[in-house]
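Structural overview for review
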Amino acid sequence: SRQLSTFLADASLALDASESLEEMLQLVAEQARELTGASCCVATVALQDEPRAADAASFEDDRRWAAFVRWLDRNAVYPLLSASGGSVRLAGDQLREVFPFSAATPRGGPLGGWLAASFTALDGSTLGAIQVFDKQQGAFTSDDEALLVHLAQMTSAAVERTRLYERP
């Protein structure tokens, strides 16, 4: 909880920065990866006609994760999240059956696990998503999912505030 409190304080400071949305997403991605024990995290905001208005990634120092992040179809996750009520947690064997994860993977083998939550506006529209991959020890748990959903809710509120401040 101390880490989460630090995250919330840092995110509120980032809201005043000129590149607040990207800075905030980077902070969210780093904290989500650290708090869930994931090897990689990708956070994306999609606004109006921009499917990638802002995005950020945090991953282990491995060039294969960098290639995976470039390859990842961030838009493919939205229908999966919508169909599941806003969050999804799948183990590695389940991912082999799910597009877009049935194709290339970061280490040439299957992903070890995936957890995702949507960024949702107050009106119910989708603002983006946060995804974590491959928990370093074991599988993602329901506690990891609850934490990621909470981070997604806080990020959604911050994205909406940022959008309000940017309006002329």
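In what follows, the structure referred to is the one given above.
So, here is what we can say about the structure in this document. Per chain, residues are indexed from 1 in the order of the written sequence. Only residues with pLDDT of at least 70 are given local features in this predicted model, and only at 80 or more are side-chain atom pairs given and counted; all residues enter the totals for whole chains, interfaces and linings. Computation of side-chain values covers all heavy atoms of the structure but excludes hydrogens and water.

A word on the overall build of the protein chain
A tally of regular secondary structure across the protein chain gives 6 helices and 5 strands. Relative accessibility thresholds used throughout: buried, under 20% of the residue-type maximum; exposed, over 50%; partly exposed, between the two (1.4 Å probe, protein chains only). Relative to its full complement of 168 residues, the protein chain shows a buried share of 47%. We call two residues in contact when some of their heavy atoms are within 4.5 Å. Pairs at least 24 apart in sequence give 64% of the contacts found in the protein chain among residues at least 6 apart. Per-residue and other accessible areas were derived by the Shrake-Rupley procedure at a 1.4 Å probe size, with only the shown protein chains allowed to occlude residues. Working note: accessible area of the protein chain is about 8700 Å², and carbon and sulfur atoms make up 48% of it. Numbering of helices and strands runs from the N terminus, with a helix taken as a DSSP run of H or I at least four residues long and a strand as a DSSP run of E at least two residues long.

Focus on helix α4 (residues 77-84)
Where α4 is concerned, the buried positions are Val-77, Tyr-78 and Leu-81. Buried residues of α4 fall within an arc of 100° about the axis and therefore sit on the same side. Counted as exposed and oriented over 90 degrees from the buried face of α4: Pro-79 and Ala-83. One or two residues past the end of α4 sits Gly-85, with phi positive at roughly 90°. Each C-beta atom gives one direction from the helix axis, and the arc is the one those directions make.

Description of the nonpolar core
Soluble globular proteins tend to bury their nonpolar side chains together. Within the largest apolar cluster, 26 residues are counted, with the highest numbers of intra-cluster contacts made by Val-45, Phe-119, Ile-130 and Val-132. Only α2 (20-36), β1 (38-47), β2 (50-59), β4 (113-120), β5 (126-135) and α6 (142-166) provide two or more residues apiece to this core. Leaving out residues up to four positions away in the same chain, Ile-130 has contacts with Val-28, Ala-32, Cys-41, Val-42, Ala-43, Leu-115, Ala-116, Ala-117, Phe-119, Leu-148 and Ala-152. In this structure, Val-42, Tyr-78, Val-88 and Leu-111 belong to the second largest nonpolar core, which totals 19 residues. What is meant by a nonpolar core is a set of buried Ala, Val, Leu, Ile, Met, Phe, Trp, Tyr and Cys residues, joined one to another through side-chain atoms within 4.5 Å.

Quick word on the pairing of β5
Counting buried positions along β5 yields 8 of 10 residues, so the element is predominantly enclosed. Relative to β5, β1 runs antiparallel, the two sharing 7 bridges. Looking at the pairing, Ala-38 lines up with Lys-135 of β5. Of the pairings in the sheet, the one linking β4 to β5 comprises 7 bridges and is antiparallel in character. Within β5, the residue paired with Leu-115 across the bridge is Val-132. Strand pairing is assigned whenever DSSP detects at least two bridges linking the two strands. Turn length for the β4-β5 hairpin, with the two strands adjacent in sequence and antiparallel, is 5 residues, and the turn residue Gly-124 shows positive phi of about 90°.

Focus: unusual backbone geometry
Even without glycine at this site, Asp-134 takes up a positive phi of about 55°. Since its relative accessible area comes to 2%, Asp-134 is described here as buried.

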